[in-house]
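Report on the structure
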Amino acid sequence: MLTSDFSFELPEELIAQYPAADRDGSRLLYLGLENTLLDTAFKQLPEYLKAGDLIVLNDTRVIPARLYAKKETGGNVEIMLERIQDEQTLLVQLRASKSPKAGTSLKLEDNTRFEVKGRKGSMFLLNYEGKEKITDLLARLGHMPLPPYISRNDESLDLERYQTVFSDKPGAVAAPTAGLHFTDDILKVLKEKGVDNARLTLHVGAGTFQPVRVNDIAKHEMHSEYMSVSQDVVDKINETKKNGGRVLAVGTTVVRSLETAARKGSLRSFQGDTNIFISPGFKFNVVDLLLTNFHLPESTLLMLVCAFGGQENVLNAYQHAIRERYRFYSYGDAMLIAKNN
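Along each chain, the written sequence defines residue order, and numbers are assigned to residues from 1. Given that this is a predicted model, residues contribute local features only at a pLDDT of at least 70 and side-chain atom pairs are listed and counted only at 80 or more, while totals for whole chains, interfaces and linings are drawn from all residues. With hydrogens and water stripped out, all remaining heavy atoms of the structure feed into the side-chain values.

Starting at the N terminus, helices and strands are each numbered in turn, a helix being any DSSP run of H or I of at least four residues and a strand any DSSP run of E of at least two. Per the secondary structure count, the protein includes seven helices and 17 strands. For the protein, whose C-alpha radius of gyration is 20 Å, the value lies close to the compact-globule estimate of 20 Å for 341 residues. C-alpha atoms of the protein, sized along the principal axes, occupy 60 × 40 × 40 Å. Each residue is placed in one exposure class: buried if its accessible area under a 1.4 Å probe, protein chains only, is under 20% of its type's maximum, exposed if it is over 50%, and partly exposed if it falls in between. In the protein, buried positions account for 56% of the 341 residues. In what follows, a contact means two residues having at least one pair of non-hydrogen atoms within 4.5 Å. In the protein, of all internal contacts separated by at least 6 residues, the share reaching a separation of at least 24 is 72%. Summed over its atoms, the accessible surface of the protein is roughly 15,400 Å², and 46% of this surface lies on carbon and sulfur atoms. We take the radius of gyration over the C-alpha atoms and set the globule estimate at 2.2 Å times the residue count to the 0.38 power. Only the protein chains shown count as cover for residues, with accessible areas throughout obtained via the Shrake-Rupley method and a probe of 1.4 Å.

Here it is as structure tokens:
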């Protein structure tokens, strides 16, 4: 399969720059079996679930992972944290007019310094020379890491809205955006209906925005992200399946986590890194329904969604969403998709 097989044209004005006024105020496009399409609202999500179903949420919490620095020459550098490897070593993406070489010193506004140690693939390793904990530094000087297609600086509202109401474990540098639509009230309504929830963790990395740079998707090297699926989650899913219930994954991160934990055929607890790449032809072992936002063309996330809902079905649904003026990407509207394989 070619990367271009997952291309589509999106009018720029459909890229959501701000969240909806209310968390649960977004639209919802339902893609059911036999390519059934229904325009509805996120608040109607409980109507598509029944007692005994289970929703699985990603409880990662976004950290203020973007820092602004200067080179010794005065050039501006944007630092986007990917992962804290140890107390002194950071894996980051750097944006500058010219990529800094190993040995380059980067200085923050308070004169805290980082030294570029070298490259690791498309990313960089930095040596942190400050005395306070890096997490404390980020809390003091960091900015919320809004995606590159949001063409504005982060604002105070993003501290709350680029975070799910059930976020708990700090470590993500991008939000699990399907979860942004949920409110405590929606979760309460689902619970009262008999729809339980389970929570796992996948710390979304900045690599999620990296483009696929090869024509043949089979040659794409997926970035790694830390994840954890507990035995409690495994037990809840197994009990749900045993009783005839369905598993709804809230977001592609949950799909990747559960299908990683089930790679050996049966679902098992798992803690560690995953670089699973899900594309059409993949056999899903766990997930029955997927709630997700609309994704970038030619992205690994769109490829995953196409694998789940059927490539032609999903791409047709995207064209419908464009015609109907749905809002796209992180702060946009949502899709509910039934598995079609």
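The set of buried Ala, Val, Leu, Ile, Met, Phe, Trp, Tyr and Cys residues whose side-chain atoms join them within 4.5 Å is what this entry labels a nonpolar core. In terms of nonpolar packing, the biggest core is built from 67 residues, with Y162, I237, L258 and F328 touching the most fellow members. Tallying contributions element by element places helix α6 (residues 300-309) first for this core, with seven residues. Beyond its immediate chain neighbours, meaning those up to four positions away, Y162 contacts V62, M144, P145, L146, P147, A174, A175, L180, F209, S330 and Y331. One finds V77, M80, L106 and F114 within the second-largest nonpolar core, a separate group that totals 24 residues.

Along strand β14 (residues 247-250), one buried face is formed by V247 and A249 and the opposite face, lined by L248 and V250, is buried too. Paired strands, in this sense, are two strands between which DSSP finds at least two bridges. One ladder, built from three bridges, connects strand β3 (residues 54-58) with β14; its direction is parallel. Following the sheet pairing, V56 is matched in β14 by A249. Sheet analysis places β14 next to strand β16 (residues 289-293), joined by three bridges and oriented parallel. Note on β16: the bridge partner recorded for L248 is L289.

Let's shift gears to the side chain of T240. Tracing the backbone through its elements, the reader meets T240 in helix α4 (residues 231-242). Aside from chain neighbours lying at most four places away, what touches T240 is G52, D53, L54, G245, R246 and V247.

Angle between the axes and distance between the axes are the two parameters that describe a pair of packed helices. Where α6 meets helix α7 (residues 311-323), the axes come as close as 6 Å, and the angle between the chain directions of the two elements is 120°. Each of L302, V305, C306 and G309 in α6 lies in contact with α7, whose residues at this interface are Q311, N313, V314, L315 and Y318. Among the residues making up the contact of α6 with α7, the classes are represented as six nonpolar, three polar and no charged. Only the stretch in contact is used when a helix axis is fitted, and all axes are lines through C-alpha atoms; the angle between N-to-C directions ranges over 0 to 180 degrees. Lys, Arg, Asp and Glu make up the charged group, whereas Ala, Val, Leu, Ile, Met, Phe, Trp, Tyr, Cys and Pro make up the nonpolar group; the residues left over, Gly among them, are polar.

So, on to the packing of aromatic side chains. Each Phe, Tyr or Trp ring, with Trp reduced to its six-membered ring, pairs with another whose centre is within 6.5 Å; inter-plane angles below 30 degrees give stacked pairs, above 60 give edge-to-face pairs, and intermediate values give tilted ones. In total, this model carries 15 aromatic pairs according to the counting rule given. Consider the rings of F114 and Y128, whose centres lie 5.4 Å apart with planes at 35°: the pair is tilted. With F114 in strand β9 (residues 113-120) and Y128 in strand β10 (residues 123-128), this residue pair connects regions lying 14 residues apart in the sequence. Side by side, F114 and Y128 carry an identical accessibility label, which is buried. Seen from their ring centres, Y162 and Y331 are 5.9 Å apart, and the 80° between their planes marks the pair as edge-to-face. With Y162 in the loop between α2 (158-161) and β11 (169-172) and Y331 in the loop between α7 and β17 (334-338), the pair connects residues that are 169 residues apart, well separated along the chain. Classification of Y331 by relative accessible area gives buried; the value is 3%. Feature note: the residues F8, Y149, F294, Y318, Y326, F328 and Y329 constitute an aromatic cluster, connected by ring pairs. Placement of a positive charge over a ring is assigned whenever Lys NZ or Arg CZ falls within 6 Å of the ring centre and within 35 degrees of the normal to the ring plane. When the ring centre of Y326 is taken as origin, the NZ or CZ atom of R27, which lies over that ring, is 3.8 Å away. Over the aromatic face of Y18 sits the side chain of R152, whose NZ or CZ is 3.8 Å from the ring centroid.

We now examine the sheet that holds strand β6 (residues 76-84). Taken together, six strands build a closed barrel; the order of strands is β5-β6-β7-β10-β9-β8 and the barrel is antiparallel. Each neighbouring strand pair of the sheet contributes to a mean axis angle of 45°, computed without reference to strand direction. Strand direction decides the pairing type here: strand β5 (residues 66-71) and strand β8 (residues 105-107), joined by two bridges, are antiparallel. Following the sheet pairing, K70 is matched in β8 by K107.

One can describe the packing of helix α5 (residues 252-261) onto α6 by two numbers: an axis separation of 11 Å at closest approach and a directional angle of 70°. One way to sum up the angle between α5 and α6 is to call them roughly perpendicular. By crossing handedness, the relation of α5 to α6 is classed as left-handed. The segment α5 lies against α6, with T252, V255 and R256 engaging L301, L304 and V305. Broken down by class, the residue content of the contact of α5 with α6 amounts to four nonpolar, one polar and one charged. Note on angle classes: values under 35 degrees are labelled roughly parallel, values over 145 roughly antiparallel, values of 65 to 115 roughly perpendicular, and the remainder oblique. Handedness of each helix crossing follows the sense of rotation of the near helix against the far helix: counterclockwise by less than a right angle gives left-handed, clockwise gives right-handed.

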